[in-house]
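Chain by chain, the residues:
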Amino acid sequence: MTSRIAQWTLDVQDVAVMARFWAGALGYRVEAGDDGSAKLYPPEDAPPGAQTVWLQASAGPKSGKNRNHPDLVSAAGDPAGEVERLLGLGARRADVGQTGEEGFTVLADPEGNEFCVLHGPPS
């Protein structure tokens, strides 16, 4: 018996801002929770088992580098174009010590949570 990742949970300060960003980034739909949280659901054409995202309201700002993060790939096969699209949604470039030789671009969401856009398939 094994486990699989079913959901990515992210503690956030501004649920509405983060829901707009991550829904736009991933093409997901948002359902606001009665408890101030938000759940993001994959689009209808997502493969079976596509994970959901839960944005959980938290009291404090992020501090330090994330110990884990999502790696995104461009559905259109255009990583540079995807980076620009995400920057337009509110992401910013982030420096976590990369050398420039990596096969990914590091970005941060509006609250500073790092994530990567892979330049190709995961290796």
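Residues numbered from 1 in each chain as written. Predicted model: local features only at pLDDT ≥ 70, side-chain atom pairs only at ≥ 80, totals over all residues. Heavy atoms only, no water.

A. Region of interest: the sheet that holds strand β1 (residues 7-12). Pairing is mixed across the open sheet formed by 4 strands, whose spatial order is β1-β4-β3-β2. The open sheet terminates on both sides in strands that have one partner only, identified here as β1 and β2 (29-32). When strand polarity is set aside, the average angle formed by the axes of neighbouring strands in this sheet is 20°. In this structure, β2 lies alongside strand β3 (residues 38-41), joined through 4 bridges in antiparallel fashion. By the bridge assignment, E31 is partnered in β3 with K39. (Pairing = 2+ DSSP bridges. Helix = DSSP H or I, 4+ residues; strand = E, 2+ residues; numbered from the N terminus. Axes fitted to C-alpha atoms, helices over the stretch in contact; angles between N-to-C directions.)

B. Highlighting the pattern of salt bridges. One pass over the full model with this rule turns up 4 salt bridges. Salt-bridge contacts for R29 lead to E31; the nearest nitrogen and oxygen are separated by 2.6 Å. The partner of E82 in a salt bridge is R85, and the shortest N-O contact between them spans 2.8 Å. Residue E82 and its partner R85 are both found in helix α2 (residues 79-89); the two are separated by 3 residues, about one turn of the helix. Take E82: its relative accessible area is 13%, and that puts it in the buried class. (Salt bridge = Lys/Arg side-chain N within 4 Å of Asp/Glu carboxyl O. Buried < 20%, exposed > 50% of the residue type's maximum accessible area, 1.4 Å probe, protein only.)

C. The packing of aromatic side chains, seen in detail. As enumerated under the stated definition, the model contains 4 aromatic pairs in all. For the ring pair F21 and F115, a centre distance of 6.1 Å and an interplane angle of 55° mean the geometry is tilted. Here the residue F21 occupies a position in helix α1 (residues 15-26), and F115 occupies one in strand β8 (residues 114-118), the gap between them amounting to 94 residues. Both residues of the pair, F21 and F115, belong to the buried class. Aromatic side chains W22 and F115 sit 5.0 Å apart centroid to centroid with 65° between the ring planes, which places their arrangement in the edge-to-face category. In this pair, W22 is assigned in helix α1 and F115 in strand β8, connecting sequence segments 93 residues apart. Its relative accessible area of 1% is what places W22 among the buried residues. (Phe/Tyr/Trp six-rings, centres within 6.5 Å; stacked < 30°, edge-to-face > 60°.)

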